[in-house]
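Structural overview for review
Read off the chains here:
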Amino acid sequence: MALIECPSCQKRISSKVKECQHCKVKVDGDNQSARVISHIQQSNKLMTHSFVFLTLFIAGVVIWFWGGEPATGMTSYIAVGCFVFGFVGYTITRARIVLHKRKSV
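Residues numbered from 1 in each chain as written. Predicted model: local features only at pLDDT ≥ 70, side-chain atom pairs only at ≥ 80, totals over all residues. Heavy atoms only, no water.

With that settled, the discussion passes to the overall build of the protein. Helices and strands together make up the secondary structure of the protein, namely two helices and two strands. Counting from the amino terminus, helix and strand elements in the protein follow one another as β-β-α-α. At 21 Å, the protein has a C-alpha radius of gyration far larger than the 13 Å of a compact globule built from 105 residues. Here the protein holds 105 residues, and 21% of them are scored as buried. Look at the contacts in the protein between residues 6 or more apart in sequence, and 45% of them connect residues 24 or more apart. With the model as given, the accessible surface of the protein reaches about 7600 Å², and the carbon-plus-sulfur share is 65%. Each charge class in the protein can be summarised by its mean position, and for the 13 positive and 5 negative side chains these summaries are 6 Å apart. (Helix = DSSP H or I, 4+ residues; strand = E, 2+ residues; numbered from the N terminus. Rg over C-alpha atoms; globule rule 2.2 N^0.38 Å. Buried < 20%, exposed > 50% of the residue type's maximum accessible area, 1.4 Å probe, protein only. Contact = heavy atoms within 4.5 Å. Areas by Shrake-Rupley, 256 points an atom, 1.4 Å probe, with all protein chains shown as cover. Lys, Arg positive; Asp, Glu negative; His and termini not counted. Charge placed at Lys NZ, Arg CZ, Asp CG, Glu CD.)

Dropping the structure here:
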């Protein structure tokens with residue numbers, strides 16, 4: 001008996017089990033299709049995260065310059081928070097996408 005990766009959730013499971021105890025996918029048979037589906041689902045999730053962070057970044061810029069003048073007071077804090085959080089999140093998510101694409105299916 002050895003520990004192998006589940007083709008769907010990538011958690012460690014026994015090589016003797018017939019289905020993953022974490023995600024309930026069948027382990028025997030054609031694991032390649034489950035592995036490809038899992039890879040595509042992870043790619044879609046990362047792209048969604050990237051879109052959300054990019055939207056937050058753009059929202060920060062729009063809030064900052066809303067009305068033609070730079071924001072002041074509480075509005076400026078909200079704008080800078082959206083801008084920074086969106087930029088950092090987008091950068092990290094894009095790095096995760098690159099690393100995910102390098103990972104073989």
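Bringing the packing of aromatic side chains into the picture now. Each aromatic ring pair is characterised by the separation of its centres together with the angle its planes make. This model, assessed by the stated rule, comprises three aromatic pairs. Judged by centre distance (6.1 Å) and plane angle (40°), the rings of Phe57 and Phe87 are tilted. Of this pair, Phe57 sits in helix H1 (residues 31–65) while Phe87 sits in helix H2 (residues 74–102), and the two are 30 residues apart along the sequence. Residue Phe57 is classed as partly exposed on the basis of its relative accessible area of 23%. Taken together, the aromatic side chains of Phe57, Phe83 and Phe87 make up a single cluster linked through ring pairs. (Phe/Tyr/Trp six-rings, centres within 6.5 Å; stacked < 30°, edge-to-face > 60°.)

Okay, the environment of Ala71 next. For Ala71, the location among the structural elements is in the loop between H1 and H2. Non-local contacts of Ala71, meaning those with residues more than four positions away in its chain, are made with Ile63, Trp64 and Ser76.

As enumerated under the stated definition, the model contains zero disulfides in all. In this model Cys9 remains outside any disulfide bridge; the closest cysteine sulfur is found in Cys6, 3.7 Å from its own. Of the residues examined, Cys9 reaches a relative accessible area of 25% and is grouped as partly exposed. (Disulfide = S-S within 2.5 Å.)

Moving on, we get to the side chain of Ser38. If you trace the backbone, Ser38 turns up in helix H1. On the basis of relative accessible area, Ser38 is assigned to the buried category, the value being 7%.

We now examine the confidence of the model for the protein. Residue-level pLDDT values for the protein average 86, and 94% of them are 70 or greater. Element-level pLDDT for the protein is lowest in strand E1 (residues 3–5), with a mean of 79, against a maximum mean of 94 in H2. (pLDDT = per-residue confidence, 0-100.)

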